[in-house]
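# Report on the structure
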Amino acid sequence: MVWNTNLRWRLPVTCLLLQVALVVLFGVFVRYDMDADPHWIDKKEAENSTSDMENEFYYRYPSFQDVHVMIFVGFGFLMTFLQRYGYSSVGFNFLLAAFGIQWALLLQGWFHSYYRGYIRVGVENLINADFCVGSVCVAFGAVLGKVSPVQLLIMTLFQVTLFSVNEFILLNLLEVKDAGGSMTIHTFGAYFGLTVTWILYRPGLHQSKERQSSVYHSDLFAMIGTLFLWMYWPSFNSAVSNHGDAQHRAAINTYCSLAACVLTSVALSSALHKKGKLDMVHIQNATLAGGVAVGTAAEMMLMPYGSLIVGFICGIVSTLGFVYLTPFLESRLRVQDTCGIHNLHGIPGIIGAIVGAVTASCANTDVYGVNGLTQAFGFDGFKTNRTPSMQGKFQAAGLFVSLAMALVGGIIVGIILKLPFWGQPADENCFEDAIYWEMPEEPKSTVLHPEDSTLKPSEP
Amino acid sequence: MVWNTNLRWRLPVTCLLLQVALVVLFGVFVRYDMDADPHWIDKKEAENSTSDMENEFYYRYPSFQDVHVMIFVGFGFLMTFLQRYGYSSVGFNFLLAAFGIQWALLLQGWFHSYYRGYIRVGVENLINADFCVGSVCVAFGAVLGKVSPVQLLIMTLFQVTLFSVNEFILLNLLEVKDAGGSMTIHTFGAYFGLTVTWILYRPGLHQSKERQSSVYHSDLFAMIGTLFLWMYWPSFNSAVSNHGDAQHRAAINTYCSLAACVLTSVALSSALHKKGKLDMVHIQNATLAGGVAVGTAAEMMLMPYGSLIVGFICGIVSTLGFVYLTPFLESRLRVQDTCGIHNLHGIPGIIGAIVGAVTASCANTDVYGVNGLTQAFGFDGFKTNRTPSMQGKFQAAGLFVSLAMALVGGIIVGIILKLPFWGQPADENCFEDAIYWEMPEEPKSTVLHPEDSTLKPSEP
Amino acid sequence: MVWNTNLRWRLPVTCLLLQVALVVLFGVFVRYDMDADPHWIDKKEAENSTSDMENEFYYRYPSFQDVHVMIFVGFGFLMTFLQRYGYSSVGFNFLLAAFGIQWALLLQGWFHSYYRGYIRVGVENLINADFCVGSVCVAFGAVLGKVSPVQLLIMTLFQVTLFSVNEFILLNLLEVKDAGGSMTIHTFGAYFGLTVTWILYRPGLHQSKERQSSVYHSDLFAMIGTLFLWMYWPSFNSAVSNHGDAQHRAAINTYCSLAACVLTSVALSSALHKKGKLDMVHIQNATLAGGVAVGTAAEMMLMPYGSLIVGFICGIVSTLGFVYLTPFLESRLRVQDTCGIHNLHGIPGIIGAIVGAVTASCANTDVYGVNGLTQAFGFDGFKTNRTPSMQGKFQAAGLFVSLAMALVGGIIVGIILKLPFWGQPADENCFEDAIYWEMPEEPKSTVLHPEDSTLKPSEP
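So, how was this worked out
Residues numbered from 1 in each chain as written. Chains lettered and ligands numbered in written order. Predicted model: local features only at pLDDT ≥ 70, side-chain atom pairs only at ≥ 80, totals over all residues. Heavy atoms only, no water. UniProt positions renumbered as here; feature names shortened; annotations may be inferred. Helix = DSSP H or I, 4+ residues; strand = E, 2+ residues; numbered from the N terminus. Rg over C-alpha atoms; globule rule 2.2 N^0.38 Å. Areas by Shrake-Rupley, 256 points an atom, 1.4 Å probe, with all protein chains shown as cover. Lys, Arg positive; Asp, Glu negative; His and termini not counted. Charge placed at Lys NZ, Arg CZ, Asp CG, Glu CD. Contact = heavy atoms within 4.5 Å. Buried area = accessible area lost by both parts, 1.4 Å probe. Salt bridge = Lys/Arg side-chain N within 4 Å of Asp/Glu carboxyl O. Polar contact = N/O pair within 3.5 Å; in protein donor to acceptor, adjacent residues only side chain to side chain. Least-squares fit on C-alpha atoms with pLDDT ≥ 70 in both. pLDDT = per-residue confidence, 0-100. Core = buried A, V, L, I, M, F, W, Y, C linked by side-chain atoms within 4.5 Å. Buried < 20%, exposed > 50% of the residue type's maximum accessible area, 1.4 Å probe, protein only. Pairing = 2+ DSSP bridges. Axes fitted to C-alpha atoms, helices over the stretch in contact; angles between N-to-C directions.

Taking UniProt as the reference, chain A is identified by name as Ammonium transporter Rh type C belonging to Canis lupus familiaris. Its UniProt record gives chain A the following Subcellular location comment, quoted word for word: "Apical cell membrane". In its Sequence similarities section, the UniProt entry covering chain A states "Belongs to the ammonium transporter (TC 2.A.49) family. Rh subfamily."

As a further point, take the overall build of chain A. Per the secondary structure count, chain A includes 17 helices and 3 strands. Relative to its length of 460 residues, chain A is compact, with a C-alpha radius of gyration of 22 Å against a globular reference of 23 Å. Counting only carbon and sulfur atoms, one obtains 66% of the accessible surface of chain A, whose full area is about 13,300 Å². Considering chain A, the positive charge centre built from 26 side chains and the negative charge centre built from 34 side chains are found 8 Å apart.

Below, the discussion takes up the interface of chain B and chain C. Across the boundary between the two partners, chain B contributes 86 residues, which contact 77 residues of chain C. Both faces considered, chain B and chain C share a buried interface measuring about 6,900 Å² in area, 72% of it formed by carbon and sulfur atoms. For the chain B face of the interface with chain C, the top three residues by lost area are Tyr32(B), Pro38(B) and Phe94(B), together amounting to 11%. For the pair chain B and chain C, the interface holds 0 salt bridges. On the surface where chain B and chain C come into contact, there are 28 residue pairs in polar contact (both at pLDDT 80 or more).

Before going further, it helps to examine the interface of chain A and chain C. The interface is formed by 77 residues belonging to chain A together with 88 residues belonging to chain C. A buried area of about 6,900 Å², summed over both sides, lies between chain A and chain C, and 72% of it is on carbon and sulfur atoms. Looking at the side of chain A facing chain C, the largest losses of area belong to Tyr216(A), Tyr255(A) and Leu263(A), adding up to 13% of the total buried there. Counting across the chain A and chain C interface gives 0 salt bridges. At the level of elements, helix H3 (56–78), helix H8 (216–238), helix H9 (245–271), helix H10 (280–285), helix H12 (304–333), helix H14 (365–368), helix H15 (370–377) and helix H17 (450–458) of chain A are the ones that each hand at least two residues to the side of chain A that touches chain C.

Let us now look at the relation of the copies chain B and chain C. Mapping chain B onto chain C calls for a rotation angle of 120 degrees and an axial translation of 0.0 Å; the resulting RMSD is 0.0 Å. The transformation relating the two chain copies, once decomposed into turn and shift, fits a three-fold axis. Different-surface contact between copies: only 13% of interface residues of chain B are shared with the interface of chain C.

Once that is clear, we can look at the confidence of the model for chain A. Residues and elements named next belong to chain A. Of the residues in chain A, 95% reach a pLDDT of 70 or more, and the chain-wide mean stands at 93. A low-confidence stretch, residues 444–460 (pLDDT under 50), is modelled with 47 contacts involving residues beyond four sequence positions or located in other chains. Across the interface, the model reports ipTM at 0.94; the global pTM reads 0.95.

In this structure, Ser214(B) sits in the loop between helix H7 (182–199) and helix H8 (216–238). Discounting chain neighbours no more than four positions away, the residues touching Ser214(B) are Pro440(A), Glu441(A), Phe81(B), Gln83(B) and Asp219(B).

By size, the foremost hydrophobic cluster in this structure holds 478 residues, and its most contacted members are Phe228(A), Phe228(B) and Phe228(C). Excluding residues that lie within four positions of it along the chain, Phe228(B) makes contacts with Val69(A), Val73(A), Phe228(A), Val69(B), Met70(B), Val73(B) and Phe228(C).

Further remarks concern the relation of the copies chain A and chain C. Superposing chain A onto chain C takes a rotation of 120 degrees plus a shift of 0.0 Å along the axis, which leaves an RMSD of 0.0 Å. Taken as a fraction of all interface residues of chain A, those also at the interface in chain C reach only 14%, which identifies the copy contact as different-surface.

Turning next to the pattern of salt bridges. Going through the model one piece at a time under the given rule, you end up with 33 salt bridges over all chains. Across the pair Asp35(A) and Lys43(A) runs a salt bridge whose closest N-O atoms are separated by 3.0 Å. A salt bridge links Arg211(B) to Glu432(B), with the shortest nitrogen-to-oxygen separation between them at 3.4 Å. Placement of Arg211(B) in the loop between H7 and H8 and of Glu432(B) in the loop between helix H16 (388–418) and helix H17 (450–458) is noted, with a sequence separation of 221 residues between them. As far as the burial class goes, Arg211(B) and Glu432(B) line up, both buried. Where salt bridges share partners, they join Arg84(A), Glu210(A), Arg211(A) and Glu432(A) into one cluster.

Strand pairing in a sheet takes place through backbone hydrogen bonds and is either antiparallel or parallel in direction. Residue and element names in this part refer to chain B. Strands sit in the order E1-E3-E2 across an open sheet of 3 strands; the sheet is mixed. Edge strands, defined here as strands with exactly one partner in the open sheet, are strand E1 (30–32) and strand E2 (114–115). Here E2 pairs with strand E3 (residues 118–121) via 2 bridges, running antiparallel. Pairing of Tyr114 across the sheet is with Ile119, part of E3. Where helix H1 (residues 10–29) meets the sheet, its contacts fall on E1, E2 and E3, and the angle it forms with E1 comes to roughly 55 degrees.

Here it is in structure tokens:
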């Protein structure tokens, strides 16, 4: 069948409608929270606080900027490894994230920051909006190269909604701890994306196989994404933790876990190649699994060696996944996972949820101190009667809720995206920028240059 | 006419003379301000302050580093989209910015930080120096590819001076608010640069037309610049705002405006292409217009929805500018705007100034609170009698002053740069690194590689 | 002689053994320091501190993240200038740094953070671990392209150990000041690496000469590294300085020194080329020498003009070094310095140590104030009797100790690395990713593409 990939009206109309709706909803609902409002000066006086430093901005803003870089440069460039899909990887990630953060500010605001008829936004809301979009970027990795920007906007619209509901259930109803989002961001995002790509299965995808690989420089661009994700992950896992020791500890644990993960990823990558050569795919992805897997427990007393062990295991599991599981998923389960998110976010996310549940259930006053334990898990107010072991069980429950939400939501959204009028590319035109982008014409002298020559056949 | 582009003596002499002069002037005038001086410990005791956190360093430094990245990586890589001008884009931007920040420390210091015979520099001076250089980077975008590094240093010398005078008039005489520099940085920088390139009009520029476009990877490098500018813009607009809520609010408004701008830029880019394809030029530039246009109002009570509206409009206006206005300017007004700064900084800068004027004139105690209003606009001391509506008029006046300074200054500087002995390239050698850079010799096996083959014809 | 570069078992075994050892050692020794421990809440109450802001995390974390970027993106991409060694430059740097930071946390912990049977780690330990690894990255630059990842891990194992011993001697026994590490990081790292590459001298290296140069895009990738190093260097030199004015001052001085260094590097680069053209090698490296050379004195009262003078000199010296000294070292002294670290870290490091010694010996109460002087140099406790001039002599002694440690250590480690079973490449296969990396197969249409064609001959 022939697809119409001309988005001339579909994409602009979708973007403009969504943005107009956002403007209206922001007008009706969104205001500044007290720390970003001029009345803050009065609040300060009321509290006899003499220091502007107590403004939430100074506790969270540096972490926010790091997370922001991870979402736009980290995820965007991580996906530029494809030889002919760099514009789309960076550009579509840019588009869906820019839409997603606005939509997330509203949904998360209604659930968590709604006060006297208005959503009060501050720097923590910006971080959480970036987090929410992070799970969409994860899902994007599964469908990368096979969907149109219109489909991505639709997917973002639904996924942000489902994410916020799931997050509300976990954080407010089950009262689980998940500061780094092993469950809410990674597990949910990964299995949601995998379900969507399973529904969108393309039997004829082999026709664009030659473009589903990298070229020398595209792998270097991807390393920019990998490194910014890797370096800023300690900020990611600590960004919304409690002030003081919790934020401090979350950064240390993530730093340790990621470091260990690099060594085991390299070890397995080499061991699994007949000539002992390293594979860029593993270095770009498996090295990050350690950050995913301490997402829940990073702010807890996981201990530095505990973090190393988690990273150690995840580097191995993730690399094995790329070598054995991804091909299996594609051939047997009809799951075409372009970026291998199952290995980077899926399994490590589940490991992270389990690690979090175990760490929480082992918490005690010897390790945390009486005040420390209460503060770390919020064992007061409604939760006064909850014990660490109960907390552990609730953590585990959170994992299953996230998986269920991801599978059900993914099926529904996948079916919607399967409709034939979203401008998706034909099987032989997947992983090709030229479908949706005006391409630069190469200098005449370079008729034999790869970009140029691979361009022609793939023109629809 | 044949130009001599051999800079062997002109460039070194210019650099060394300027740097020697800077060393002498720094020796005579520049010292540390109290927060960076060892006597700060005594000041702390005098003020009974117990916390080192009150040092200005901790309020501003993270924002400073983000701004620093925008100037050197953001602007530098944004201009690498040209296929054969990457070394010059990044390298010359590096050179002029490194000179400009030193010169700006002096000039802005004399105007704003001169105390007891010395300029007292602290982190806020570093930020302002980066801001000042930002306006030079903007102007560089207009003349990109058509000038020599010597001309760029001369231009920087004059533009930094004019910038500082203009900034003094606006901030100290008119007492306008312009924390993010919609007027002082963007409007001034853009119209200054456009005037210069108008004076330097090259009728024969079409001879190097084939190099005035991008290649596949050069557009990806440019996206690195775009994204770092986009991500860190909230830091840019909040970097020198008042401590506390103002800084917090400026970041939120900029974040919102930029997000909305992305969706409308994409919408217009697709709608204006006959096949509905996206154009990298728009994604790289128009998506940033929203940050420019909230530069003045970001710290005011623009409200999140107000920011979305500003971004919404600017994405549309900026993309339309690239499609219709830039060609018109070149063909009719003889303004050859290489990077289209008129669309990214010119018009959005004017919009930003107007938005700021309107927002200021609408300020009232209901929204800001009594203390908040006084603090936000400094309605005390000399300004006790100024009302918001008067403030609005002063803001508008600031726009016209900036435009006048830019046009007059641009004409003068343009005439100076037109002198024939600055080593500028011939029309057929524009947009070509090989004129000023030692180029790597490509491996023998790649005689057909684009870089290599386009190199020869353009060798002077 | 034919080398076996198949690392299938050697690399995995090395990585896994090292990581297992690290897990065990962390389990036995490493715990959180008080600011990252839940008991911090009790400490806070005990100190009547009401603000979480006093947690060390908020003083150091933003600087830590900047330093982290310098180590992984800065050094990693700086070395991607080689046309066929990008994967290895970024990937091996990633590997050795990930191992090094863990090993450094232990060694530096035993020397500096050992308390009641445990190493207490906090954000400052993370910064110092990154610093330690920075000296390994420096040494990596000397042997780049000529060693296997196994050799790099061995080198890191020993160099981190020697670094920690040397650092202990300087900071604890000689009590010298070296916040930015001119001596401990740069001088030590550079001369250690140069000694190692001298021992590993390869007479037949000319056989892979054609790959020891850059291509157009590889030089642009390298500029990413250069700029992130340049921009974040103020954070590097101020990261572990005293709170308040010292950190503030260190950032200002580094900013000034680096700016001046750019202009003189450009001047010399142009002056030393027969056609006055700029050389990317100089722009990528010499521009950074100013940051190295204020490493020791940045936190002292070097004064802004003093910083400019240091940067001014280092830009000249470093560029001259690349043009005249590097070829001399290779031809006469058999030192094959791939990245020219002698010009970027060696000489500037020595200059930095001298500048630090002089600045320290000139310190007096007029400039620092009584309290300021005591705090700046810690002239209390054991050092009550030490005068500035004595401090200057101790600083000088620190330089010689660092050089001695580097030379002796480099010889020993070099001899170990010379053993034939580490999987090092043959002379004709140096600077070639294909030895250790699974390379992407270029699209069929591009048989004439450089990557592809240069690949074949160099396949072992």
